[in-house]
Each structure stands twice: as structure tokens, then as C-alpha cells.
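# Structure assessment
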Amino acid sequence: MTDSRPAASHTTLGTAFVLLWCTGYIAGKLMVAHAAPMTALVWRFGVAGLVFAGLALIARAPWGSARSVLHSAVTGVLMLALQFGGVYLALSWDASAGVAALVIGTMPMVVAVLAVAGGDERLAPVQWAGLVLGMAGVALVVADRIDGTTGWAAWLALLAGLAGISFGTVYQKRHASQGDLRAGLAVQNLAATAVLLPGALWLEGFRFAHASGFYLPMLWTVVVNSLGGFALLFVLIRRGAATRVAALFFLMPPVTALFGSWTLGEHLTALKLGGFALAAVGVWLVTRPTPHAVR
């Protein structure tokens, strides 16, 4: 089935999504410097969930059947609680940003394998080539940040995060992408909050600093990343194949590196720029229209 929407609209939404999503890595790094990881996520997802619920109630949006609410809750546990919980825990256990970016950056390949194995999509050879190029681009961007000091616990946490975002993307495309955006995201965020809250209370003592260094980046992750970024992701998954949407994540490490050079004074190298170009080519090959892809 051919999508009647112009390709330019998908490109615009994808570009906006990547830019908004990448700011979350900078804000998250600042936030966990002033709060325990699960506590920081409870703040983020809890506030975002209440805002989305308020918007849904004001608009009298339909919440759907009990089954659709359950599907949204499962999506939230996978894509929010498991993904971000794994990443934030790994970073708090001294995993480098490069290792985290490399592990999560393999997500498009995992999603492609899951989507093809589940019979949801068929990929042309050129799209598989694009996935390989995208992974190579990510590896070049983060190569200078990978070290041998990452412990096994951090690796397991990152793999859990990778499983969360990968299975969550496929699950949402199959089961939770057709309902009202506000209601769906309210359920997703509140479900993630409920799963993370016991750990934040019992393991971390709900520890965070009453300071602007915590509140300002926390509000940024809520307004820009959760309200803006996840709303765009919801729309993109609804409109496109899971693999095409996932391929955008190849651009996350390169764009985050650019943001880091502007905001944190991190150095850009020719290797990073080459990786950026390679990842961009990979994304283009995966996301360009092809008659072999099943939508």
C-alpha cells in the first residue's frame, strides 16, 4: 500500500524528532549529576504522564478499551522504564557515553531482525546495506569513547535498555499506535513511573538535589523530550514501518556529538564527521521509498 502523505512531511517529522531526542542525552547527563537515576526518571515520566493525562481529559479524548490501555502500558514499560532505566543505571555504574551510544545505536538492526522474523516487514538488500552502513557510522562516531573499564553489570543494564527500545518499537507498531496520542502517552508514562517508583523509593531513597541544576534539565526532558520527542515518535511509528523509524536512531550519536561540541566543549574529529556522513547515508538507504517494504 502506498502512503499518500508526501515524503517531505516524513523527512520534516524525522528531522524534528532526531533534534529533539538528542537534546535529551545532554539534559539527562546534567540531571543524573544531581539525582539518582531511577528517581530522575520517576520525576520525568511522572510529570509528563500527568501533563498528557490532563491534556486528554481536557480534550475528552477516548482512552480506548481495556486491551488498548494494556497495550499502551506494556509499550511504556518497554520503551520508557526498561530502556531509560537500563541506560541511566549503566551510566551511574561508570559506563562511558560511547559504550552506551554504541549499544543503543544497534537498535535499528535489532528492530529490523524482529520485524522481518515476525513477518511484519520485508527489507530489500539495499535496506540491509543501509543498516550495516548506519551501524558503521555509529561505531566511528563513538570509537574514541569506548574503553575497557565497563563492568559486566553496566553491560547487562545497557543490553536491557536495548531490548526495551527494540521490542517496544515493534510492539507499539503492532498494538499501540492507533489510539489517541494524548491518552496513549499518558498511559505509557504513568506505567513507566509505576514500575520505576519502587526502586526509586527503596533502593535510592528518592534522592535528588533541590537545585536548579536538577529542576531545569528535568523540565527540559519533560517538555522537550517527553512531550515533544515522544509525541513525534508516536506519530512516526503510526505512519511508517518500524524499521524505517528505528533507522533514525543511527543519527542520534552523531547529532548528540554535535550538540556536545556546542554545549559541553567536546572536540569534533574528522573520524566523527565521517561517521556522521556514513550514518546519514545508511538512514537514507533504509528510509527511502521502496516497493519491497511492507507497511
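Residues numbered from 1 in each chain as written. Predicted model: local features only at pLDDT ≥ 70, side-chain atom pairs only at ≥ 80, totals over all residues. Heavy atoms only, no water.

Helices and strands together make up the secondary structure of the chain, namely twelve helices and zero strands. Walking the chain from its N terminus toward its C terminus, one meets helices and strands in the order α-α-α-α-α-α-α-α-α-α-α-α. Residues classed as buried in the chain amount to 51% of the 295 residues present. Within the chain, contacts between residues separated by at least 24 positions form 91% of all contacts whose residues are at least 6 apart in sequence. (Helix = DSSP H or I, 4+ residues; strand = E, 2+ residues; numbered from the N terminus. Buried < 20%, exposed > 50% of the residue type's maximum accessible area, 1.4 Å probe, protein only. Contact = heavy atoms within 4.5 Å.)

Within the structure shown, the criterion is met by one salt bridge. Arg182 is paired through a salt bridge with Asp180; the nearest N and O atoms lie 2.8 Å apart. Look at Arg182 and you get partly exposed, because its relative accessible area is 31%. (Salt bridge = Lys/Arg side-chain N within 4 Å of Asp/Glu carboxyl O.)

What follows concerns the packing of aromatic side chains. Applying the stated rule across the entire model yields 16 aromatic pairs. An angle of 70 degrees between the planes, with centres 5.1 Å apart, marks the rings of Trp43 and Phe208 as edge-to-face. Within this pair, whereas Trp43 is found in helix 2 (residues 37-58), its partner Phe208 is found in the loop between helix 8 (181-202) and helix 9 (212-239), the two being separated by 165 residues in sequence. Residue Phe208 is classed as buried on the basis of its relative accessible area of 15%. An aromatic cluster is present here, built from Phe17, Trp21, Phe45, Phe84, Tyr88, Phe230 and Phe249 joined pairwise through their rings. Geometry around Phe84 places Arg44 over its ring, the cationic atom sitting 4.7 Å from the centre. (Phe/Tyr/Trp six-rings, centres within 6.5 Å; stacked < 30°, edge-to-face > 60°. Lys NZ or Arg CZ within 6 Å of the ring centre and 35° of its normal.)

Turning next to the environment of Gly118. Inspection of the secondary structure puts Gly118 in the loop between helix 5 (107-117) and helix 6 (125-142). With 52 residues separating them along the chain, Gly118 and Val170 place their C-alpha atoms 9.4 Å apart.

The residue Thr106 is located in the loop between helix 4 (97-104) and helix 5 in this model. A distance of 2.7 Å separates a polar atom in the side chain of Thr106 from the backbone oxygen of Val103. If sequence neighbours within four positions are ignored, Thr106 has contacts with Met135 and Leu162. (Polar contact = N/O pair within 3.5 Å; in protein donor to acceptor, adjacent residues only side chain to side chain.)

Take helix 6 next. For helix 6, with 18 residues, the first-to-last C-alpha span of 26 Å sits near the 26 Å given by 1.5 Å per residue. Here helix 6 has its buried residues at Gln127, Gly130, Leu131, Gly134, Gly137, Val138, Val141 and Val142. Projected onto a plane normal to the axis of helix 6, the buried residues spread over an arc of 125 degrees and lie on a single side. The exposed residues of helix 6 that point more than 90 degrees off its buried face are Pro125 and Val132. (Expected span 1.5 Å × (residues − 1). Arc of directions from axis to C-beta.)

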